[in-house]
Amino acid sequence: MGAPEFKLEKFEGPLDLLLSLIAKHKLDIYDIPISQLLEQYLAYIAQMQEQDMEVASEFLEMAARLVYIKTAMLLPKHEDEAEEMKLELEGQLLEYSVCKQVAAELKERNIGGDIFVRQPAEIELPKTFEGTVDKQKLLEAYLAVAGRRQRKMPPPASAFTQIVARRMVSIRSRIMLILSKVMGSGNIPIEEVWLQNNDRYELVASFLAVLELIRHSRVTVSDDGKTICYNSAGGDEPWESENIEEQ
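The sections below set out a description of the structure shown in this document. All figures in this text were calculated on a predicted structure; none of them were measured in a lab.

For the rest of this paragraph, the subject is the overall build of the chain. Summing up its helical and strand segments, the chain has 9 helices and 3 strands in all. Going residue by residue from the N terminus, the α and β elements of the chain occur as α-α-α-α-α-α-α-β-α-α-β-β. For the chain, with 247 residues in total, the buried portion stands at 25%. Within the structure as shown, the chain displays about 18,900 Å² of accessible surface, and the carbon and sulfur contribution to it stands at 55%.

Okay, structure coming up:
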């Protein structure tokens, strides 16, 4: 049987090398044959030296440790010591084996964690649109923009038709009408003032006229608010009809 051949792989330490040899030669890690393991270990060290590879001191220290265990096993007085050192080595190998398994699982979970990418580059956007757009959506967008632009423009004259077309009722004319009625009869039901209005513009003008007459003490209103009476004693201050506001 020829000498065993080894592929000179890189190991992280002597324990890593021992585990590799145990797995390769199918040795029992719970009952390691020290002689066989030492032979394989020294063969690997020799291969490294033959290829002018630098042998780390920790690998040489493990070699000396294996030689000491094998020597102690051959001496009857040191069998217990050898067995204790062997169990210590087996414990270290088992612990290291578990650590390697955990490290391998963590490495698998970290797939992609060490992938780096360059900084995003500035991309010049095309100046012409090359895509496709639904015609209906394009029309709706145009109409929406056109509508907003139109709302910003001055409103047409037709928008003010309802405002400027309303009939203007003079408050002064309503004052003269109410005053002529109360002066002739002395008092009139206030409902008569309201019922003689054809629309809300005349109604508002009549209401303001009554307030103006009360303010100038030309008329008074009964406590129950149903009768408007002429006040012949009122109106001491001059009546300036031209100062009466009109609606």
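So much for the structure itself; the text now carries on.
Judged by pairing direction, the sheet is antiparallel, and its 3 strands sit side by side in the order β1-β3-β2 without closing on themselves. Each of the sheet's edge strands pairs with one partner strand only, and the pair in question is β1 (187–189) and β2 (219–221). Here the average twist between neighbouring strands, direction ignored, is 20°. Looking at chain direction, β1 and strand β3 (residues 227–230) are connected through 3 bridges and run antiparallel. Counted as the bridge partner of Pro-189 is Thr-227 from β3.

We now examine the pattern of salt bridges. With the rule as written, the count across this model stands at 4 salt bridges. Between Glu-192 and Lys-181 there is a salt bridge whose closest N-O contact spans 3.9 Å. With Glu-192 in helix α8 (residues 190–195) and Lys-181 in helix α7 (residues 171–185), the pair connects residues that are 11 residues apart, well separated along the chain. On the accessibility criterion, Glu-192 (30% relative accessible area) is partly exposed. With relative accessibility at 26%, the residue Lys-181 sits in the partly exposed group. Residues Glu-212 and Arg-215 are paired through a salt bridge, measuring 2.3 Å at the closest nitrogen-oxygen approach. Here Glu-212 pairs with Arg-215, and both are found in helix α9 (residues 200–215), just 3 residues apart, close to one helical turn. Look at Glu-212 and you get buried, because its relative accessible area is 14%. On the accessibility criterion, Arg-215 (55% relative accessible area) is exposed.

The next point concerns the side chain of Ser-206. Relative to the helices and strands, Ser-206 resides in helix α9. Using a relative accessible area of 1% as the deciding quantity, one classes Ser-206 as buried. Setting aside its immediate chain neighbours within four residues, Ser-206 contacts Arg-174, Ile-178, Val-193, Trp-194 and Asn-197.

Overall, the coordinates contain 1 aromatic pair when judged by the stated rule. Note on Trp-194 and Phe-207: the rings are 6.2 Å apart at their centroids and 40° apart in plane angle, and the pair reads as tilted. Linking Trp-194 in helix α8 with Phe-207 in helix α9, this pair joins segments that are 13 residues apart in sequence. The class of Trp-194 is partly exposed, set by a relative accessible area of 24%.

Calculation rules
- In every chain, residue numbers begin from 1 and rise along the written sequence.
- Since the coordinates come from a predicted model, pLDDT governs what is reported: local features require at least 70, and pairs of side-chain atoms require 80 or more to be given and counted, while whole-chain, interface and lining totals use all residues.
- Hydrogens and waters are ignored; side-chain quantities use all the structure's heavy atoms.
- By definition, any uninterrupted DSSP run of H or I lasting at least four residues is a helix, any uninterrupted run of E lasting at least two residues is a strand, and each is numbered from the N terminus.
- Three labels apply to residues, based on accessible area from a 1.4 Å probe with only protein chains included: buried if under 20% of the type maximum, exposed if over 50%, partly exposed otherwise in between.
- Per-residue accessibility takes into account occlusion by the displayed protein chains alone, with areas from the Shrake-Rupley method and a 1.4 Å probe.
- Pairing between strands requires that DSSP locate at least two bridges from one strand to the other.
- Here the axes come from fitting lines to C-alpha atoms, over the contacting stretch only for helices, and the angles between their N-to-C directions go from 0 to 180 degrees.
- Any Lys or Arg side-chain nitrogen located within 4 Å of an Asp or Glu carboxyl oxygen qualifies as a salt bridge.
- In what follows, a contact means two residues having at least one pair of non-hydrogen atoms within 4.5 Å.
- Geometry of aromatic contacts follows a simple scheme: Phe, Tyr and Trp rings, the Trp one being its six-membered ring, pair when their centres are within 6.5 Å, and the pair is stacked under 30 degrees between planes, edge-to-face over 60, tilted otherwise.

Note that all results are geometric; they support no functional claim without further evidence.
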